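One-letter residues, chain by chain:
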Amino acid sequence: SLPHAEPVDAEFADIDWEDEVEEEDLFFLRSNKRRKTQQSSSSERVNIFQKLGESLGMTIVGCLLIALMPCLIWKNEGRHVDQLSRIDFCKNNAVVVDCNTTSNENV
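Each chain has its residues counted from 1, running along the sequence as written. The predicted nature of this model means local features are confined to residues of pLDDT at least 70 and side-chain atom pairs, given and counted, to a pLDDT of 80 or more, with totals for whole chains, interfaces and linings taken over all residues. Where side-chain values are given, they derive from all heavy atoms of the structure, hydrogens and water being excluded.

## Brief notes about the overall build of the protein
Short version of the rule: The secondary structure listing takes helices from DSSP runs of H or I that are at least 4 residues long and strands from runs of E that are at least 2 residues long, numbered from the N terminus. Only protein chains enter the accessibility calculation, which uses a 1.4 Å probe; a residue whose area is less than 20% of its type maximum is buried, one above 50% is exposed, and one in between is partly exposed. What sets the accessible areas is the Shrake-Rupley method with a 1.4 Å probe; for residues, cover comes only from the shown protein chains.
For the protein, the helix and strand inventory stands at four helices and zero strands. Beginning at the N terminus, the succession of helices and strands in the protein can be written as α-α-α-α. The buried share among the 107 residues of the protein stands at 0%. Split by element, the accessible area of the protein, about 11200 Å² in all, is 58% carbon and sulfur.

Below, the structure written as structure tokens:
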């Protein structure tokens with residue numbers, strides 16, 4: 001047979017909660033209406049030419065970025081290839097020098 005389990009609410013029934021939240025406050029928290037009523041919002045009329053000017057400006061900026069990016073990537077990759085060729089050159093042409101000898105044959 002299973003042991004008898006008391007409900008969780010019965011365990012905390014005698015505790016006096018200091019920060020009780022009313023149902024109305026919970027409604028405002030859920031619906032976010034309290035913040036909206038406290039903040040004042042303003043609107044501004046924008047005509048079609050202002051909208052077209054902003055979108056045209058952003059379109060030009062986007063086209064410039066699209067045209068500029070391959071050049072920047074080419075430069076970055078070229079620098080990487082240059083570094084790899086330097087590493088390969090140094091790796092293949094490195095000379096091991098014995099520091100324990102006093103002769104000048106390794107110089």
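## Looking at helix 4 (residues 48–93)
Our working definition: Expected helix span is computed as 1.5 Å times (number of residues minus one). Here the bend at each residue means the angle between axes fitted to two seven-residue stretches, the one ending at that residue and the one beginning there. As used in this structure description, the phrase polar contact means that two N or O atoms lie within 3.5 Å; if the pair is within protein, one of them must be able to donate a hydrogen and the other to accept it, and residues adjacent in sequence are counted only when both atoms belong to side chains.
Under the 1.5 Å per step criterion, the end-to-end length of helix 4 is 67 Å for 46 residues, consistent within 8% with the ideal 68 Å. Of all bends in helix 4, the biggest is about 30°, found at Leu 68, and the proline Pro 70 comes one to four residues later. Its side-chain oxygen at 3.2 Å from the backbone nitrogen of Phe 49, Asn 47 defines the N-terminal cap of helix 4.

## Points about the pattern of salt bridges
Applicable threshold: When a carboxyl oxygen of Asp or Glu is within 4 Å of a side-chain nitrogen of Lys or Arg, the pair counts as a salt bridge.
With the rule as written, the count across this model stands at one salt bridge. Measuring nitrogen to oxygen at the nearest pair gives 3.1 Å for the salt bridge that ties Arg 86 to Asp 82. Note that Arg 86 and Asp 82 are positioned in helix 4 at a spacing of four residues, about one turn of the helix. Judged by relative accessible area, Arg 86 falls into the exposed class, the value being 53%.

Function cannot be read off these values alone, since they describe shape.
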